[in-house]
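# Report on the structure
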Amino acid sequence: MHVNSYFKTKCTNICTVIIACVQVVTLKIHIPVKKTRKICTHKMTIFFIVVNEFCERFSYYGMRAVLVLYFKYFLKWDDDFATTIYHTFVALCYLTPILGAIVADSWLGKFKTIVYLSIVYALGQVVMAVSAIHDITDANRDGTPDNMGFHIALSMVGLLLIALGTGGIKPCVAAFGGDQFADDQEKQRSTFFSIFYLSINAGSLLSTIITPMLRAQECGIHSQQKCYPLAFGVPAALMVVALIVFIIGSGMYNKTAPQGNILVKVCKCIGFAIKNRYRHRSSQYPKRVHWMDWAEEKYDKLLIAQVKMVLKVLFLYIPLPMFWALFDQQGSRWTLQATTMDGNFGALVIQPDQMQTVNPILILILVPIMDSVIYPLISKCKLNFTPLKRMTVGMFFAALAFVAAALVQMQIDVRKPPSKTHSYYNITTSLCSNWCFSCYVSAHFKIVNDAGVECIYSQELGFGSSYTLLILPNFTFGEYCHQGIKQVLDIEPNTFHMAWQIPQYFLMTAGEVVFSVTGLEFSYSQAPSNMKSVLQAGWLLTVAVGNIIVLIVAEAAKLPDQWAEYILFASLLVLVCIIFAIMAYFYTYTDPAKIEAEFSRNEPEDKKRKSLEMSRKDSLEQSKERRESSDSSSDEDECKQTKI
């Protein structure tokens, strides 16, 4: 496999600088402990965890950046099916965190869960890289796999392993890093999380730039093709590095034992309330204020109050998946749209999958602008721009982004006539029996006869163009052999530039900043102290459901034009946005800490009251027993007298 040496050196330097920066920032964390050895150990554990996260995010986003193009151009799937499988994979990646959290908190603990699932993760990445090697089944060495089913099977196995691995460790790594700090080290813990999320953004940004460039390289044993094995292989190598780095720090970590999963406890409490309510559904039983109050027979009132707060927020989550249904199409539909556009930026040629880097770049720009300029300005205007109102605006921005995408698609369709129903390269039958014809990606075509004489024909190919090359009957080998070849233009090169996608990326990123960042902040503020992970699981679940919505629409709608599908998604989100705005209008903000404090103050009184009730109950039972004993003695005396 051939990789440009300049590019390789550049990538190495970038990664070195990032790791060095992370290390420098990490060393600035002051840990107030007495022994120097403990200070160094603490810094090293932070370093191991941060580097692990950087490598893992590089691995995931790098593989995902080229995935839909791999489906289309290597596995030869159509756009709809490629989109379906892509979003199925993303949905699985956001469903498995629930499983990972339960396993870590209930059985294995965070450390073992991360290690075991990272092994599964790395194995999945390796399988994906192997599945992209076309030479494995290319027996006739024509550049096309002879057994595509083998490659598809390997790809599906690899994606399942990756979904289990990346989703399973997602809720564990950040929490495990937080476990390395004592309760009185809140400032240090906050600094760690800042570095931790910096590593996530750095890994995702670099990977979406680098892996498309790796994919664009030519590699192969018998024939040179787009280098998907390298594009998947580098993320696989980074995942192996992430695993090794994490294991190296094993002896230094503070490993907390599993203490039971609050998510399981919440589910059990809800299940008992539903079951108990169904059991007492008769009208003879008095109604209770809230249906969760039917759990009072088994669970304490504080837990029930906390579950009520969680359910109140989860109810607001119901419309949210529609936002993610549009957001995650940046990696599928929008990337496929970019393949039909002109990516020439002067001397620089942008790959279709590299357009995804616009999103993280804009995030780095828009987040500080929103926090430092937009929100303070709105506040000065005396506007009550609550978190739920911000989320509503974010959803509206996402809908506008898809309207912009539809307008771009219309322009593409106008400039691009429908393709003809014939193969790209036609060769007359008489020539087929004697000559071998092979096409190289570099647009140089070689014609070889049985004697080994060659004719090289060069062809300029533009973005999205389609040609039919005809070898004419008067073709002869020699200096002017190209005169015996005729080219027929089927589809003109793309003339609509990729830069026109920037407005839709800007609108979507603005929507993400207002919606996603605000949503996480809102969820955290409205969640009870011990159930923030439950709402985090619910938030991730909305992402999974959003990707499932894409599957349903892509398969069920079957619209003839892609722009019509974009308008359909935009319309659905506007409708959901209106519903969410109505729900938000009737939502009452709560202070979980205040509610929990009230229950804590009332808890001693409740215990005292329950203790008095139990004592009174015991006294009544004892009096009853004495009375029954007295009655029994009287009966015995009467029997004796009767016998006498």
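Within an unreviewed UniProt entry, the label attached to the chain reads Solute carrier family 15 member 1, and the organism entered is Anabas testudineus. Regarding the chain, the relevant UniProt record gives this comment under Sequence similarities (unreviewed entry): "Belongs to the major facilitator superfamily. Proton-dependent oligopeptide transporter (POT/PTR) (TC 2.A.17) family."

## A word on the packing of aromatic side chains
Each aromatic ring pair is described using two quantities: the centre-to-centre distance and the angle formed by the ring planes. Using the criterion set out here, one finds 39 aromatic pairs in the structure. When the ring of Tyr70 is compared with that of Phe232, the centres are 5.1 Å apart and the planes differ by 85 degrees; the resulting orientation is edge-to-face. Taken together, the residues Tyr70 in helix α3 (residues 67-74) and Phe232 in helix α8 (residues 228-248) connect sequence positions 162 residues apart. Judged by centre distance (4.0 Å) and plane angle (25 degrees), the rings of Phe323 and Phe515 are stacked. Remark: Phe515 occurs in helix α16 (residues 502-526) and Phe323 occurs in helix α11 (residues 321-327); sequence separation between them is 192 residues.

## Notes on α3
Extensive coverage of α3 is indicated by the burial of seven of its eight residues. Of the residues one or two after α3, Lys76 is the one with positive phi, at around 65 degrees.

## Quick word on the state of the cysteines
Per the stated rule, a full pass over the model turns up two disulfides. What pairs with Cys219 in a disulfide is Cys227, and their sulfur atoms sit 2.1 Å apart. Around the S-S axis, the bridge from Cys219 to Cys227 shows a dihedral of about 110 degrees and counts as right-handed. In this structure, Cys219 and Cys227 share a single accessibility class: buried. Here Cys455 is linked by a disulfide to Cys481, with a sulfur-sulfur distance of 1.9 Å. Around the S-S axis, the bridge from Cys455 to Cys481 shows a dihedral of about 85 degrees and counts as right-handed. In this pair, Cys455 is assigned in strand β8 (residues 454-458) and Cys481 in the loop between β9 (466-471) and β10 (485-491), connecting sequence segments 26 residues apart.

Definitions and limits used
Residues numbered from 1 in each chain as written. Predicted model: local features only at pLDDT ≥ 70, side-chain atom pairs only at ≥ 80, totals over all residues. Heavy atoms only, no water. UniProt positions renumbered as here; feature names shortened; annotations may be inferred. Phe/Tyr/Trp six-rings, centres within 6.5 Å; stacked < 30°, edge-to-face > 60°. Helix = DSSP H or I, 4+ residues; strand = E, 2+ residues; numbered from the N terminus. Buried < 20%, exposed > 50% of the residue type's maximum accessible area, 1.4 Å probe, protein only. Disulfide = S-S within 2.5 Å.

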